[in-house]
Structures are given as structure tokens and as C-alpha cells.
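Okay, here's what each chain looks like letter by letter:
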There are 2 protein chains.
Amino acid sequence: MEVITLTGVTDSATAKGEQTRELILSTALRLFREQGYGKTTMRAIANEAGVSVGNAYYYYGSKDHLMQAYYDLLQDQHREAVEPILATEKAFVPRLAGVLRTWLDVSAPYHEFAGTLFKTAADPRSPLSPFSEESRPARDASVEIFRRVIDGSDLKLAADLKAELPELLWLLQMGVVLFWVHDQSEDVRRSRALIDRAVPLVDRLLRLTRIPGVRGVTNDIVGLINSIKP
Amino acid sequence: MEVITLTGVTDSATAKGEQTRELILSTALRLFREQGYGKTTMRAIANEAGVSVGNAYYYYGSKDHLMQAYYDLLQDQHREAVEPILATEKAFVPRLAGVLRTWLDVSAPYHEFAGTLFKTAADPRSPLSPFSEESRPARDASVEIFRRVIDGSDLKLAADLKAELPELLWLLQMGVVLFWVHDQSEDVRRSRALIDRAVPLVDRLLRLTRIPGVRGVTNDIVGLINSIKP
DNA sequence: CCGCTCTTTTGAACATGTTCAAGTCAGATG
DNA sequence: CATCTGACTTGAACATGTTCAAAAGAGCGG
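Computed from a prediction, not measured in an experiment: that's the story for all the values here.

Taken together, 20 residues are adjacent to DNA strand C, and M42, R43 and Y57 of chain A together with S52 and Y59 of chain B come closest. For DNA strand C, the backbone portion of the atoms within 4 Å of the protein, that is sugar and phosphate, comes to 57%. K63 of chain A places a polar main-chain atom, nitrogen or oxygen, 2.9 Å from a phosphate oxygen of DNA strand C. Where the surface near DNA strand C is concerned, the elements lending two or more residues are α2 (42-49) and α3 (53-59) of chain A together with α1 (16-35) and α3 (53-59) of chain B. It is α3 of chain B that provides the largest number of residues to the surface near DNA strand C, a total of 4 residues. Across the surface near DNA strand C, the residue classes break down as 7 nonpolar, 9 polar and 4 charged.

Taken together, 20 residues lie near DNA strand D, and S52 and Y59 of chain A together with M42, R43 and Y57 of chain B sit nearest. Across the atoms of DNA strand D situated within 4 Å of the protein, the share located in sugar and phosphate is 58%. The contact in question runs from a phosphate oxygen of DNA strand D to an N or O atom on the backbone of S52 of chain A, over 2.8 Å. Secondary structure elements with two or more residues in the surface near DNA strand D: α1 (16-35) and α3 of chain A together with α2 (42-49) and α3 of chain B.

So, on to the nonpolar core. Grouped together as the largest cluster of nonpolar side chains are 82 residues, with contacts concentrated most on F92 and L96 of chain A together with F92 and L96 of chain B. One finds I45, A56, Y60 and M67 of chain A within the second-largest nonpolar core, a separate group that totals 26 residues.

Okay, empty space enclosed by the protein next. Residue and element names in this part refer to chain A. Counted by the stated rule, this structure contains 2 cavities of 30 Å³ or more. Reported here for the largest cavity is a volume of approximately 40 Å³. Lining of the largest cavity is provided by Y71, L74, Q75, H78, W103, V106 and S107. Of all the elements in the fold, those that place two or more residues in the lining of the largest cavity are α4 (63-88) and α5 (92-107). The leading source of residues in the lining of the largest cavity is α4, at 4 residues.

Our focus in this paragraph is the pattern of salt bridges. Residues and elements named next belong to chain A. In total, this model carries 24 salt bridges over all chains according to the counting rule given. Its salt-bridge partner being D76, residue R79 comes within 3.0 Å of it at the nearest N-O pair. One end of the pair, R79, and the other, D76, are both in helix α4, 3 residues apart, so they sit about a helical turn from each other. Judged by its relative accessible area of 39%, D76 is partly exposed. For the salt bridge of D203 with R207, the shortest nitrogen-to-oxygen distance reads 3.1 Å. Highlighted residues: D203 and R207, both in helix α9 (residues 189-208), separated by 4 residues, approximately one helical turn.

Okay, helix α8 (residues 159-182) of chain B next. All names here are of chain B. Counted at 1.5 Å a residue, the expected span for α8 with its 24 residues is 34 Å, and the 36 Å between its end C-alpha atoms agrees. Maximal helix bending in α8 amounts to about 40 degrees, located at L165; proline P166 follows within four positions. Every buried residue of α8 is accounted for by L161, E164, L165, P166, L169, W170, Q173, V176, V177, F179, W180 and V181.

Interface size is often expressed as the accessible area that is lost when the parts come together. In this complex, chain B contributes 35 residues to the contact, which on the side of chain A involves 35 residues. Interface area for chain B against chain A, summed over the two sides, is near 3,100 Å², with a carbon-plus-sulfur share of 68%. There are 2 salt bridges connecting chain B and chain A. Residue R204 of chain B is joined to D220 of chain A by a salt bridge in which the shortest nitrogen-to-oxygen separation is 2.4 Å. The interface formed by chain B and chain A holds 6 residue pairs in polar contact (both at pLDDT 80 or more) in total. For the side of chain B that touches chain A, the secondary-structure elements that each account for two or more residues are α6 (111-122), α8, α9 (189-208) and α10 (212-228) of chain B. Of all the elements, α10 of chain B adds the most residues to the side of chain B that touches chain A, at 10 residues. Residues belonging to the side of chain B that touches chain A are distributed by class as follows: 18 nonpolar, 8 polar and 9 charged.

Parameters and conventions
- Residues numbered from 1 in each chain as written.
- Chains lettered and ligands numbered in written order.
- Predicted model: local features only at pLDDT ≥ 70, side-chain atom pairs only at ≥ 80, totals over all residues.
- Heavy atoms only, no water.
- Near = heavy atom within 4 Å.
- Polar contact = N/O pair within 3.5 Å; in protein donor to acceptor, adjacent residues only side chain to side chain.
- Helix = DSSP H or I, 4+ residues; strand = E, 2+ residues; numbered from the N terminus.
- Nonpolar A, V, L, I, M, F, W, Y, C, P; charged D, E, K, R; others polar.
- Core = buried A, V, L, I, M, F, W, Y, C linked by side-chain atoms within 4.5 Å.
- Buried < 20%, exposed > 50% of the residue type's maximum accessible area, 1.4 Å probe, protein only.
- 1 Å grid on protein atoms, 1.4 Å probe; cavity = no way out; pocket = protein on both sides within 12 Å on 5 of 7 lines; lining within 4 Å.
- Points joined across faces, edges and corners; volume = space filled by probe spheres on them.
- Salt bridge = Lys/Arg side-chain N within 4 Å of Asp/Glu carboxyl O.
- Expected span 1.5 Å × (residues − 1).
- Bend = angle between axes of the 7 residues up to and from the residue.
- Contact = heavy atoms within 4.5 Å.
- Buried area = accessible area lost by both parts, 1.4 Å probe.

Below, the structure written as C-alpha cells:
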């Protein structure tokens, strides 16, 4: 993988192969954006990039792998776009709502193409599956965002719940994504409405956990969630 | 589609075409079971059924349509298999647990092949999507099972929650399915464990809704669920 | 029985993701 | 420089879902 020459220069980023790899990826992403995933053929990608089909497969094991690269890009953009919110907003509700809304904003250009992405991601054997080992880094990064949402906020919670909450909020995001993928309303208005209603509700639910009679159930829920983690 | 002869006999079920249609379907289902969905080619199905490839496409628009027929079959089997439980069991927890466990039992032979099914179902454009219009009959039938789980049980609930609960339980089942699809443990032990823990928890949560402070949040949740229905 | 129309059936052709044996090239080694 | 090695590249071949124009069959009116 990495190129180490005896002239002393380690330069995996600009080595011939890496250039080709990036050329193929960027071409693929452009075509995906322009014509959608389904209509973009591997031949078209190779053609447009000026390489052979086989060469594309040398760097990316399948068309899905190119999509995964696309997905990773989205994740990165979300992570960046979320920074201002985490830096300025201090109350839990707007922090969480902001993070979720930002996801919609970042993903908006890809809504048409999200169906295909989602379809692939749903296959448990796909590396894109949000539960797969390959996507662990992306998932961890996403969970980390929610950890920061909580830690930087005014939320007061029992320690064990607080530890588990980032992953629960990640699940909430998965739910929003599921809804968004199916959302055909203009400007995905309904997805935004869902966030607007769901976030305050989550907030209220979390405050409820302080009621003694509720605490026990909460612990059981946390325990259940823990038990289903792989 | 339907054959109406002037001799007065309406016989769509045994008309030539229907026979072919069923031959193709049963052959496809057998091959799916024997070798999995992915490894079963349309050519193999046509071959085995003794017809041409084009003929299979004359009756089923795509390979996915054959899978949908498969899925409908599963649903039917579940509906039947659940009857004894609904007839004998009266307590809410064993009723619900029984229905969910029965789903696992019925689906067990198809676990390997469930990934593909799930993948297709996840595509919002697919008729197999659990949220699609085409699958509404199957979904309604499934929700109906959960309505009977509640109605025939000893559960005491506020009317509005009770009205919404069948759909919530259907969502719970979707969650179990999601987990099951990814479950690689032997005999899907972990999925069974999930049911064993989740069902009593659901029961406790429902009883909690009687606490005054919880009632309000419950109503909000019901409202939210209602608002996201299409 | 003949032709007409509609359904059914055929199989070759097509599109596209994927594989692979063989070729090319760049740098290292002697 | 000649050779070697491993990374890189090629394009034809393959597998399989899907389409389609044409053929075959079936019932019907004459």
C-alpha cells in the first residue's frame, strides 16, 4: 500500500496509485451526484476517469465500495457542519435538534440517491450496514457527536443512563434517517417536523427518569440495550 | 387477466395461464429454499419449471416479485401459527411473547435468505417495503394480529393508547426482525433472549402510563406516532 | 375449415456488475 | 545497463437480470 522509496521519501498520498484511486473516486462521486447511483455504470466511471474498468476494480472491490466512500464523505461533512452548534448552543434541546437538522441539510442533495444507499446499507452482509464491523469507525464517530451533545449541555442524568445515552440518540438518528428516506414531502418538511416534535419529547422523557417509579424501568431499558450490543 | 369464456365458465384459477403462473412460483420458491435467493438464477427457475426465461417474466415482472410472493407466504403461515396462542393464552405478556416467538419459528428456515429479503424490503421504492402501499394488506393483517393480542388479554389501558398500541407493537416486531436479520448466534438464541427481555419490559412500560406524571408524555408519544403516519 | 384476435411462449439480444490472464511500467538490484 | 520484482493497468470474457420482436396456440365468428 504505502510507497517507501530508498531516496527517503514516504509519500503514499501522491504516489501514482493514490492519484488513480482518488481520480476514480472523485469521478464516481460526481457521476453519482449528476445522474444518480443506479444510472451510473462502472463503465461510465472508468470512461470518464480515463481508466479501464478493471482498474476501477483494482482499487474498489465493487460499486458498493464506491458508495461507501460517498457515505463516509457525508459523515465527515456532518461532523464539520455540527461544530458551530456544539460550540455555541448550550441547552440540550436545541443542541440535539440542531445536530439532527444539520444531518438533513448535509444529506439533502442526496435524497434521491438515499434510497439506493439505504437499500445497500440494510443488507446485513454489506459493509455499509450501520451495524457492521467495517462501519464501526463511522458509527463511533457519530456516537461521539451525540456524546458531545450531552456533555456540553445542561442535562442532568444518572451516570449509567448518561453513559448509554449517546448510543440511544444515535438510534434516534437512525430512526430519523429511516423516516427521511421515505419522506416524499417537499423540502422534507415532514422529517423536519418529526425532529421538532421528537426532540422535546426525548427531553421530557429523560427528565421523567428522575421519578423514582420510573428509574427502575429505565435501568431495565439500559440493560436491555446493553445486552443486544454485539 | 381473468378468463371468461362465452360458454359461461369463469375459471381464472385453472386456466392455462394460471397453471403456468403457479408452476413458476412454486418452482422459484423451492429453489429459493434449496439454494438461497442469490444463487437461484432466473434461468434456473425457468429451466426447472420447463418454461422459457421470457415466460417467467411474462408472469412476474422481476425476480423481486417472486420474492414478494415468498414473503406473502410467510405472513400467511405466521397468521395461522399464531392462532393457538391467541385462543388459549390470556395474559398479555405470554400472548405477545408467543406471537413474536412464533414469527421466529416460522421464519427460521429462511434466515440465511432473510438478508436479501430485508435488503430489498429496505428500498423505499420496493413494493416489499413494509411502509409501501403495496404491502399495506400484509401490514394491516400483521397489525390486526397485535390488536387481537391486546384485545384478548387482561391489559388495562387508556382508550387512546389502546387504539394506537397495535401499531406500536408492530413497530416492536419490526425491531425484532431487524435484530433477527443480523443475529448470527446459534438457533438465533440472541433474538429469543431479546424477546424474553423486551416483552416484560413493554408490559412494565404500559403499566407506568397510569402514573399521572407519565400520562402526558404518553399522549405526546401517541400524538407523535400519529403525525408520522402517511 | 379459414382467418382473425388475443393470450401465451420462445430464445436471442442487451445491459451491466464482476473477474482474470496477460501486458506494462517504475524502481531496485547486481 | 540488463534483469528482476511487484505494483499497476488493460480489455476481453463471464454471469445474470431483463427486454423484445417474433412465433405458436387457443378460442371464435363465419
